[in-house]
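# Observations on the model geometry
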Amino acid sequence: AYTGRLRLIWVILTVVAADFLGTSLLYFVFYLFGEYLLKHGPKWLPIEKIENLKKKVKDRGRWGIFLGRLIPYVRGYTSVAAGLMEISPIVFLTSVILSAVLWSGGYVIIGFALGSRWNTIISKLGFGEFALAALLILFLIVYIVPYIRRKMKENKG
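Description of the structure in this document.

About the criteria used
- Residues numbered from 1 in each chain as written.
- Predicted model: local features only at pLDDT ≥ 70, side-chain atom pairs only at ≥ 80, totals over all residues.
- Heavy atoms only, no water.
- Helix = DSSP H or I, 4+ residues; strand = E, 2+ residues; numbered from the N terminus.
- Buried < 20%, exposed > 50% of the residue type's maximum accessible area, 1.4 Å probe, protein only.
- Patch = residues over 30% accessible without salt bridge, like charges linked within 9 Å, V, L, I, M, F, W, Y side chains within 5 Å.
- Areas by Shrake-Rupley, 256 points an atom, 1.4 Å probe, with all protein chains shown as cover.
- Salt bridge = Lys/Arg side-chain N within 4 Å of Asp/Glu carboxyl O.
- Contact = heavy atoms within 4.5 Å.
- Phe/Tyr/Trp six-rings, centres within 6.5 Å; stacked < 30°, edge-to-face > 60°.
- Core = buried A, V, L, I, M, F, W, Y, C linked by side-chain atoms within 4.5 Å.

This next bit is on the overall build of the protein chain. Of the regular secondary structure elements, the protein chain holds seven helices and zero strands. Helices (α) and strands (β) of the protein chain occur, in sequence order from the N terminus, as α-α-α-α-α-α-α. Projected onto its principal axes, the C-alpha positions of the protein chain cover 50 × 45 × 30 Å. Within the protein chain, buried positions represent 31% of all 157 residues.

On the surface, a cluster of nonpolar side chains totalling about 540 Å² of accessible area is made up of L25, V29, L32, F33 and Y36. Tracing the chain through its elements places Y36 in helix α1 (residues 8-40). The class for Y36 is exposed, based on a relative accessible area of 53%.

Time to look at the side chain of S104. Inspection of the secondary structure puts S104 in helix α5 (residues 89-114). For S104, a relative accessible area of 11% puts it in the buried group. Each residue touching S104, except ones within four places of it in the same chain, is listed here: V15, V16, D19 and S99.

Glancing now at helix α4 (residues 74-84). Taking burial as the measure, the eleven residues of α4 include ten buried ones, the bulk of the element. Along α4, the residues that are buried comprise V74, R75, Y77, T78, S79, V80, A81, A82, G83 and L84. Buried residues along α4 sit in contact with α1, α2 (47-60), α3 (62-68) and α5. Just beyond α4, the residue with positive phi is E86, at close to 55°.

Per the counting criterion, the structure on display carries five aromatic pairs. A centroid spacing of 5.3 Å and a plane angle of 85° characterise the contact between W103 and Y107, whose relative ring orientation is edge-to-face. One end of the pair is W103 and the other is Y107, both in helix α5 and four residues apart, which spans about a single turn. Assessed through its relative accessible area of 52%, Y107 is described here as exposed. Taken together, Y27, F28, Y31 and F92 form an aromatic cluster joined through their ring pairs.

Core analysis: the largest hydrophobic core is formed by eleven residues, namely F30, L45, I50, L53, I71, V74, Y77, V80, A81, L84 and V142. Contributions of two or more residues to this core are made by α2 and α4. The biggest single contributor to this core is α4, with five residues.

Attention now goes to the pattern of salt bridges. Within this structure, the stated rule accounts for two salt bridges. Across the salt bridge formed by D19 and R69, the nearest N and O atoms sit 2.5 Å from each other. Of this pair, D19 sits in helix α1 while R69 sits in the loop between α3 and α4, placing them 50 residues apart in sequence. Take R69: its relative accessible area is 3%, and that puts it in the buried class.

That's the geometry; what it means functionally is another story.
Here you go:
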């Protein structure tokens, strides 16, 4: 999109739709057939991780789904856990559309904004430093912000 070959809005709509449809399909497979898949499913399905995510999603509700969809690797398992828990499709789908806009749309916008400067940024920072900064930001979003919100709620109560 930054080269002008593709229109930015269409790229954003495409990646958000792909993210939304892909994770919705995964959610509905486990929403409708989850118990069967757990009993007769593949050996590679990490049941323990899914059970752990189910607890986190249950404790945090919509925020658990939203935040889970913003964590690499955990993204897909969040959809599986929500499907197994039979969370309402409306609750799940609204959380997912918001996370898809932020995650997938965010990547497109960052790519568009950085465009040809990407190689310059990486060469100046070094990929390791860039990855470290990205992980720090992710850590703040996933752990620090919810921690602060919990503390604020406890102080009110």
